[in-house]
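# Remarks on the overall topology
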Amino acid sequence: MKNKVIYLAILAAGFASCEPEFENELSNGNYSAGDADFSSYVAIGNSLTSGYMDGTVSRVGQSYSFPNILAQQFALVGGGEFTQPSYAEDTNNLGGISGIPGFPTRLVIDASAGGPEPIAGMSTVSLTPQASAFNNMGVPGAKTFHLLAAGYGNPAGLAQNPPMANPYYVRMATSTTSTVLGDAMMKNPTFFTNWIGNNDVLGYATGGGVGTTAGLGGGDITPVPVFDQSYNMIINTLTSGGAKGVVATIPNVTAIPFFTTVPYNPLTASAIGGGNEANGTALINQLNTSLIGPVKQVLTAFGQGNRLQLLSTTEANPLLIKDETLTNMQPQLTGALTAAGVPAQQAALIGMIFGQARHATSQDLVLLTTRSVIGTAPSSPLAIDPLNKYGVTYPLDDQHVLIASEVADVTAATTTFNNIIRTAAQAKGLGVVDMNAIMNQLVSGLRVEDGSIYTANYFSTATLSTVMFSLDGIHPNARGYALIANEVIKVINSHYNAKLPFVSAGSYPGATVLPSN
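Here is a short report on the structure shown in this document. Note that the structure is a prediction, hence the values are computed from the model and not measured.

## Observations concerning helix H13 (residues 404–428)
- Over its 25 residues, H13 runs 37 Å from end to end, which matches the ideal 36 Å to within 8%, given 1.5 Å per residue.
- Residues of H13 that are buried include every one of Glu406, Val407, Val410, Ala413, Thr414, Phe417, Asn418, Ile420, Ile421, Ala424 and Ala425, and no others.
- Looking one or two residues beyond H13, the residue adopting positive phi is Gly429, at roughly 70°.

Right, dumping it as structure tokens:
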């Protein structure tokens, strides 16, 4: 079953852009900056600002960052030079960072394998500091408080455990003691965009809720007082010289394909049978009789029978997951099964495996990265056949699924952080792009100015040319960044009485499809 339970059927031809005609209501003579001054535009943020897509920053991908797209429109009304960290050394457009674990090359579609994978080759992107302030100060991985942290770009901090520096900022920082915000202010901004805060909650979500709900680690949700103080300090600093700007809210994870692509119930008879429906049907019947049924019977006797359901041979079945919020029924299961004649060692194993196990529901979000785990064997030496199929007979671990209570944690933090963002913007008279609302609209389809409808339906064969997310399931693709740029332009036009033209998202490229990798 490995890698076959969940798969993406990709038709390379479907990625060809329709490039719809797009007519602006404005002519060149009618363009105007309105009340804004774009002579020195600075973008503050994280990966969503840097042009990160397909799991990395690459030379070509960076050119489609939404600030770079905006700067091209600002140039029509007096906008000045817009600089981004150099990726000239990324000659083959592979992305990644050479010599740093966890920074692979960009994702592409390998048509022969039927799914996304890192493009073959070695990254040529080095950590060599460029020691220069840039107009695009988007730093992938940065949380709100990181923008204020001195030494966040110090190479020595990469060797610490946990790392106290960020390799992307190491490449950018003007000195080993500089801050992201300080470097941005060296450009003397007259206008800015600020889309920071996503990572303050996203790391917790992409880690399956393993982190804490109030911590400073990469997998934690940032404490509210820290977020509040940091965000307001950033806004106060950016506006200290009279600059105007636009801020963006944080999107909720429920609208991001990383959490919505893999269904909670992908286990058909064919999938369980490794592609053979007859074998899967026989295996389901065996599991219901010798494992799921007896365990459910014991749990029912203790008032916990709703944790499991018998598997269906005709319908898609839910994944088996571990829920640490449940009472651990290991002693009761082990004792009851032993009393029923199950060998002691086997009863203890079943008790351990199913003590906090339950079947997933539609309220649980399965991570995109979990698709390669489903059906594989867990590393535990106790999980012997037939109890060695992740998600089928062995529960997926905490890091594989965002359970309903963890989704609630993410939603609550997102709401709180967005209220802080709106309040800070209102106090300074800034425009607000509600990216949370925009991302949520993608579930049903977001119609844009050129008539196209963009969705979060992650590479459905019916919507290949109108998906705005890149292959990592979190970050937009080039079309998505163009759409975001248009949403920012809408706010600038209305809030600052400007007359800026939109861009045509449909003319930007989608995913890279290779016959083989």
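## Section: the side chain of Thr56
- Turning to its location among the elements, Thr56 is positioned in the loop between helix H1 (47–50) and helix H2 (59–62).
- In contact with Thr56, other than residues within four places in its own chain, are Leu94, Gly95, Gly96, Pro104, Thr105, Arg106 and Tyr168.

## Some thoughts on the packing of aromatic side chains
- Tallied over the full model, the rule gives 16 aromatic pairs.
- Summarising the aromatic geometry, the rings of Phe74 and Phe191 are spaced 5.9 Å apart at their centres and angled 75° between planes, so their arrangement reads as edge-to-face. On the criterion of sequence distance, the pair formed by Phe74 in helix H3 (residues 66–74) and Phe191 in strand E5 (residues 191–195) is long-range, its members being 117 residues apart.
- Centroid distance Phe191 to Tyr496: 5.8 Å. Interplanar angle 80°. Geometry classified as edge-to-face. In this pair, Phe191 is assigned in strand E5 and Tyr496 in the loop between helix H15 (478–495) and strand E14 (513–514), connecting sequence segments 305 residues apart. In this pair, the class of Phe191 matches that of Tyr496, namely buried.

## Brief notes about the sheet that holds strand E2 (residues 107–110)
- Taking strand neighbours across the sheet as the criterion, the three strands line up as E3-E2-E14 in an open arrangement whose pairing is mixed. Each edge of the open sheet carries a strand with a single partner, namely strand E3 (115–118) and E14.
- As judged from the four bridges shared by E2 and E3, these two strands associate in the antiparallel manner. Residue pairing for E3: Val108 is matched across the bridge by Glu117.

## What to know about the pattern of salt bridges
- Throughout the structure, instances matching the rule amount to five salt bridges.
- The partner of Arg171 in a salt bridge is Glu89, and the shortest N-O contact between them spans 2.9 Å. Of the two residues, Arg171 is situated in the loop between helix H4 (167–170) and helix H5 (180–185) and Glu89 in the loop between H3 and E2; the sequence distance between them amounts to 82 residues.
- The exposure class assigned to Arg171 is buried, which follows from its relative accessible area of 1%.
- Taking relative accessible area as the criterion, Glu89 reaches 29% and is therefore assigned partly exposed.
- Across the pair Arg358 and Asp323 runs a salt bridge whose closest N-O atoms are separated by 2.7 Å.

## Looking at the environment of Ile492
- Take Ile492: it is sitting in helix H15.
- Spatially, the C-alpha atoms of Ile492 and Gly431 are 6.9 Å apart, while their sequence positions differ by 61 residues.
- If sequence neighbours within four positions are ignored, Ile492 has contacts with Phe38, Phe74, Phe191, Val246, Asn497, Ala498 and Leu500.

Conventions and cut-offs
- Residues numbered from 1 in each chain as written.
- Predicted model: local features only at pLDDT ≥ 70, side-chain atom pairs only at ≥ 80, totals over all residues.
- Heavy atoms only, no water.
- Helix = DSSP H or I, 4+ residues; strand = E, 2+ residues; numbered from the N terminus.
- Expected span 1.5 Å × (residues − 1).
- Buried < 20%, exposed > 50% of the residue type's maximum accessible area, 1.4 Å probe, protein only.
- Contact = heavy atoms within 4.5 Å.
- Phe/Tyr/Trp six-rings, centres within 6.5 Å; stacked < 30°, edge-to-face > 60°.
- Pairing = 2+ DSSP bridges.
- Salt bridge = Lys/Arg side-chain N within 4 Å of Asp/Glu carboxyl O.

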